Amino acid sequence: MLQQINGAIVEDVSEHDDTGDKINGGLLPECAHTNNAEIGYNRQKNGVGKSDENVNEAVKIATKTLLDFEREREEIKRRAGNVIVSGLPPKTNVKDVDLFGDFCGSNLTVKPRVVKVRRLGKDNKSSDAKLCVTLESAEAVNDVILSSRLLRASQDPEVRRVFMNRDLTRLQSEEAYTRRMAKRSSGARKEDTGQPFL
């Protein structure tokens, strides 16, 4: 049985010997004379090289996007325990940490534990310099931000001019600004059309 199969294979190969000769005599010599420059040219002509470039560019963009996302996430995490306070000018012989603590104790429903306080900006000694207050946790920040809404209802104009906000990254600030503009634009359209606010 094996001999029959072997004989059939030999016959089949011998029948196609001339085809093999054509392949060896026709294609292989042509390939042998094709240099690397021609291969590169043909790849470019057929769009292969361009496709590789597109893939490489897409990989670079994806990698950069992923790195930017990771950096943004780390920055958000780092700032999560901060509160930015504006409208609370420095007082002579009073440390900012005590100034913030006393203000919270007098005007808010919470008095958080302060880890550290620093003034922002190049001219951080000016009365307009904002405070960056680091609290012990993101939950403490939430409590302060919620309680700070009481400041708008204060009878004291000095208290009403104090604002407390989250320490946003640049990207978060841009997104918040876009949302505010969209909300104002939507409100203006409702006023123009006489529609009630929802």
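Because the structure is a prediction, the values reported are computed rather than measured. (Residues numbered from 1 in each chain as written. Predicted model: local features only at pLDDT ≥ 70, side-chain atom pairs only at ≥ 80, totals over all residues. Heavy atoms only, no water.)

**Some points on the layout of surface pockets**
Here is step 1 of the chain: Here the largest pocket defines a volume of roughly 400 Å³.
Here is step 2 of the chain: Residue lining of the largest pocket: 16 residues in total, with Met-164, Asn-165, Arg-166, Leu-168 and Arg-180 positioned closest to the centre.
Here is step 3 of the chain: Those elements that provide at least two residues to the lining of the largest pocket are strand 4 (163-166) and helix 8 (170-193).
Here is step 4 of the chain: A total of 5 residues in the lining of the largest pocket trace back to one element, the largest contributor, which is helix 8. (1 Å grid on protein atoms, 1.4 Å probe; cavity = no way out; pocket = protein on both sides within 12 Å on 5 of 7 lines; lining within 4 Å. Points joined across faces, edges and corners; volume = space filled by probe spheres on them. Helix = DSSP H or I, 4+ residues; strand = E, 2+ residues; numbered from the N terminus.)

**Quick notes on the packing of aromatic side chains**
Two descriptors summarise a pair of aromatic rings, namely the distance from one centre to the other and the angle between the planes of the rings.
Here is step 1 of the chain: Summed over all chains, the structure comprises 0 aromatic pairs.
Here is step 2 of the chain: The ring of Phe-163 has Arg-152 lying over it, and the distance from NZ or CZ to the ring centre is 4.0 Å. (Phe/Tyr/Trp six-rings, centres within 6.5 Å; stacked < 30°, edge-to-face > 60°. Lys NZ or Arg CZ within 6 Å of the ring centre and 35° of its normal.)

**Side note on the side chain of Ser-147**
Here is step 1 of the chain: Here Ser-147 is to be found in helix 6 (residues 138-147).
Here is step 2 of the chain: Classification of Ser-147 as buried rests on a relative accessible area of 5%.
Here is step 3 of the chain: When sequence neighbours within four positions are dropped, the list of residues in contact with Ser-147 reads Leu-108, Thr-109 and Val-110. (Buried < 20%, exposed > 50% of the residue type's maximum accessible area, 1.4 Å probe, protein only. Contact = heavy atoms within 4.5 Å.)

**Let's talk about the environment of Pro-89**
Here is step 1 of the chain: When you line up the elements, Pro-89 lands in the loop between strand 1 (82-86) and helix 5 (96-107).
Here is step 2 of the chain: Overall, Pro-89 belongs to the partly exposed group, its relative accessible area being 29%.
Here is step 3 of the chain: Linking Pro-89 and Lys-125, residues 36 residues apart in sequence, is a C-alpha distance of 9.0 Å.
Here is step 4 of the chain: Residues contacting Pro-89, with those up to four places away along its chain left out, are Leu-99, Arg-119, Ser-127 and Arg-161.

**Details of the side chain of Asn-82**
Here is step 1 of the chain: Here Asn-82 lies in strand 1.
Here is step 2 of the chain: Under the relative-accessibility criterion, Asn-82 is labelled buried at 6%.
Here is step 3 of the chain: In this structure the side chain of Asn-82 is engaged in a polar contact, spanning 2.9 Å, whose partner is the side chain of Asp-167.
Here is step 4 of the chain: In contact with Asn-82, not counting residues within four places along its chain, are Cys-132, Val-133, Thr-134, Val-141, Asn-165, Arg-166 and Asp-167. (Polar contact = N/O pair within 3.5 Å; in protein donor to acceptor, adjacent residues only side chain to side chain.)

**Concerning the confidence of the model for the protein**
Here is step 1 of the chain: Averaged over every residue, the pLDDT of the protein is 78; the share at 70 or more is 69%.
Here is step 2 of the chain: Within the model, the stretch residues 8-34 combines pLDDT values under 50 with 6 contacts to residues more than four positions away or in other chains. (pLDDT = per-residue confidence, 0-100.)

**Comments concerning the pairing of strand 3 (residues 131-135)**
Here is step 1 of the chain: With 5 of 5 residues buried, strand 3 is to be regarded as a mostly interior element.
Here is step 2 of the chain: A two-sided burial pattern is seen for strand 3, the buried positions comprising Leu-131, Val-133 and Leu-135 on one face and Cys-132 and Thr-134 on the other.
Here is step 3 of the chain: Relative to strand 3, strand 1 is paired through 4 bridges, and the arrangement is antiparallel. When the bridges of strand 3 are listed, Asn-82 appears paired with Thr-134. (Pairing = 2+ DSSP bridges.)

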